[in-house]
Amino acid sequence: MKKLIGSNKLKTAVFISGTGSNLKNLVKFSNLKNSPIKIELVISSNAKAKGLSFAKNLKLKSKVFSFKNRKDDIKIVRFLKKNNINFICLAGFMKILSNNFITNFNGRILNIHPSLLPKYKGLNTHQRVLDNKEKFSGCTVHLVNAKLDSGKIILQKRVKISKNDNAISLSKKILKHEHSLYPKAIKKFIFNS
Ligand code: GRF
């Protein structure tokens, strides 16, 4: 793999809404010598997101936006461009991006979703999987397009459901796999595209 120096790493923004465990994991990945990304910015839709205090402790530039309307989107796009961001990773991000926003970063936004897409798009995936007595669930990294959880799949990990799993235990089990999947998917997306 060719030597990556800071200047040719993708300047990346991570979007969060909550705990930020995927953010923590992506920061660790970003700090590796040969990581293809450099996390420059954390954007949160929630001023109280625990991931924000993690970002602040690491002196990572962060900003909160409400994502309530298109006016906000234009402000966010301007802010991202001002920070020379050319790659976005949604990580526990719970808002839907507008078409206008996606067009501005077309093909350069990834998301991690806690199900084996295209099954179980949307929320409460773990409970829905259990209610349907599925034997397997998992997580998916996909490109973000205008339709919810419907962009091209980059990489998936299948996780076996144990008979005594509930939504909490299953979400914890899958979250661990999300943390190993996301960096692998980013490398696959960047080096194979
Ligand atoms: C994760 O399962 C993620 O896939 C989903 O939100 C959960 C929490 O993510 N979107 P994080 O701990 O905030 O990264």
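Use the structure listed above.
Just so it is clear, the structure is predicted and the values come from calculations on it, not from any experiment. Going along each chain's sequence as written, the residues are numbered from 1 onward. Only residues with pLDDT of at least 70 get local features here, since the model is predicted, and only at 80 or more are side-chain atom pairs given and counted; chain-wide, interface and lining totals rely on the full set of residues. Processing note: side-chain calculations cover all non-hydrogen atoms of the structure and skip hydrogens and water entirely.

A few words now on the side chain of Ser45. A run of DSSP states H or I qualifies as a helix once it reaches four residues; a run of E qualifies as a strand once it reaches two. Both are numbered from the N-terminal end. Within the fold, Ser45 resides in the loop between strand S2 (37–44) and helix H2 (50–57). The buried category is assigned to Ser45, whose relative accessible area is 15%. A polar atom in the side chain of Ser45 sits 2.7 Å from the side chain of Ser17. Here's how the labels work: a residue is buried when its accessible area is under 20% of the maximum for its type, exposed when over 50%, partly exposed in between, all with a 1.4 Å probe on protein chains only. Residues adjacent in sequence count toward polar contacts only when both atoms are side-chain atoms; beyond that, a polar contact is any pair of N or O atoms within 3.5 Å, and within protein one must be able to donate a hydrogen and the other to accept it.

With that settled, the discussion passes to the sheet that holds strand S6 (residues 136–143). Within a beta sheet, neighbouring strands are joined by backbone hydrogen bonds and run either parallel or antiparallel to one another. Here a strand pair is declared whenever DSSP counts at least two bridges between the two strands. Reading across from one edge, S3-S2-S1-S4-S5-S6-S7 is the order of the 7 strands in this open sheet, with mixed pairing throughout. On the outer flanks of this sheet lie strand S3 (61–64) and strand S7 (153–160), each paired with one strand and no other. The average undirected angle you get between the axes of adjacent strands in this sheet is 20°. Relative to strand S4 (residues 87–90), strand S1 (residues 10–16) runs parallel, the two being bridged by 4 bridges. Across the sheet, Thr12 pairs through a bridge with Phe87, a residue of S4. Set on the sheet, helix H1 (residues 21–30) makes contact with S1, S2, S4 and strand S5 (109–113); between it and S2 the angle comes to about 160°. For this analysis, residues touch if any pair of their heavy atoms sits within 4.5 Å. An axis is simply a line fitted to the C-alpha atoms; with a helix, the fit covers only the stretch in contact. Between two such axes, the angle follows the N-to-C directions and lies from 0 to 180 degrees. The strands touched by helix H3 (residues 70–82) are S1, S2, S3 and S4; relative to S2, the strand with the most contacts, the crossing angle is about 155°.

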